[in-house]
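# Fold and contact review
Here is how the chains run, residue by residue.
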Amino acid sequence: MIEGKKVLAVIPARGGSKRVPLKNITLYKGKALIQWAMEHASASQYIDKWVVSTEDEAIALHAIMHLLPRPKFLATDRASSESVLVHALYSMLPESYDFAVLLQPTSPERLPEDIDRCIEIAVKLDGNSNLHGCVSYNEYGKRNGAVYVVNVKHFLSTLSLDATHHYMMPQSRSLDIDYLWDFK
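To start, this report covers the structure provided alongside it. Counting of residues starts from 1 at the beginning of each chain's written sequence and follows it residue by residue. This being a predicted model, a pLDDT of at least 70 is required before a residue's local features are given, and a value of 80 or more before pairs of side-chain atoms are given or counted; all residues contribute to the totals for chains, interfaces and linings. For side-chain calculations, the full set of non-hydrogen atoms in the structure is used, while hydrogens and water are omitted.

### Some words on the sheet that holds strand 8 (residues 143–151)
With mixed pairing, the 7 strands of this open sheet are ordered in space as 5-4-1-6-8-7-9. In the strand order of this sheet, the two ends are held by strand 5 (67–69) and strand 9 (165–168), each with one partner. For this sheet, the mean angle separating the axes of adjacent strands, direction not counted, is 25 degrees. DSSP calls a pair of strands paired once it identifies at least 2 bridges connecting them. Counting from the N terminus, the helices are the DSSP runs of H or I reaching at least four residues and the strands are the DSSP runs of E reaching at least two. Direction of pairing for strand 1 (residues 7–12) relative to strand 4 (residues 49–54): parallel, over a ladder of 5 bridges. Each residue of the ladder has a partner; that of Pro 12, found in strand 4, is Ser 53. Axis lines are fitted through C-alpha atoms, for helices just across the contact stretch, and the angle between N-to-C directions can take any value from 0 to 180 degrees.

This is the structure we're talking about:
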């Protein structure tokens, strides 16, 4: 919790990666990608609850205490991060959250401090600007996929992860694993 605001983190981890089969449970520096994301969520000082959204049995075994079963139709190449986040938010009812954090497993170099800084920025901006969250970017001004923080009410009214503050992360922490060679 931060300034009386509740924060939910969602780790989207589907099992059907075509470029890297079993990507989310593939080892990176000795740990499965999903393990890195779960440890980052656990280490955040502001996240009240976190869940792993998956349809995959092997991934589910890693996240047993924090599992949010995902319907198969949200586990395709065409399913958006936004639709997975909506599913998670509505699945958490009757609990309600003020902010939602999306943590992709493919960003193992992200730090809990990056997550917390994005949450702090989003809370500070809340109601004081046209920006309704915070998204991490690399040094070259491109989204790096590491951290997305949104105001839940605004997100559910727009279904968009846009209109957010840009949080710059160093290139050394901006790894976004999409291909087998990214694991090296």
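There's more to say after this.
### Things to note about a nonpolar patch on the surface
Taken together, the side chains of Leu 61, Ile 64 and Met 65 define a hydrophobic patch exposed on the protein surface, amounting to about 400 Å² of accessible area. On the accessibility criterion, Ile 64 (55% relative accessible area) is exposed. Only residues whose relative accessible area exceeds 30% and that take part in no salt bridge are eligible for patches, with like-charged residues grouped when within 9 Å of each other and nonpolar side chains (Val, Leu, Ile, Met, Phe, Trp, Tyr) grouped when within 5 Å. Residue-level accessible areas treat just the shown protein chains as cover; the underlying method is Shrake-Rupley with a 1.4 Å probe. Any carboxyl oxygen of Asp or Glu that lies within 4 Å of a side-chain nitrogen of Lys or Arg is treated as forming a salt bridge with it. Partly exposed describes any residue whose relative accessible area lies between the buried limit of under 20% and the exposed limit of over 50%, with all areas from a 1.4 Å probe on protein chains only and scaled to the type maximum.

### Points about the pattern of salt bridges
Here the idea is simple: oppositely charged side chains can pair when their charged atoms come close. Across all of its chains, the model carries 8 salt bridges by this definition. Measuring nitrogen to oxygen at the nearest pair gives 2.7 Å for the salt bridge that ties Lys 31 to Glu 39. Taking the relative accessible area as the measure of exposure, Glu 39 reaches 30% and is therefore partly exposed. A salt bridge links Asp 162 to Arg 143; the nearest nitrogen and oxygen atoms lie 2.6 Å apart. Within this pair, whereas Asp 162 is found in the loop between helix 5 (152–158) and strand 9, its partner Arg 143 is found in strand 8, the two being separated by 19 residues in sequence. Note on Arg 143: relative accessible area 28%, which makes it partly exposed.

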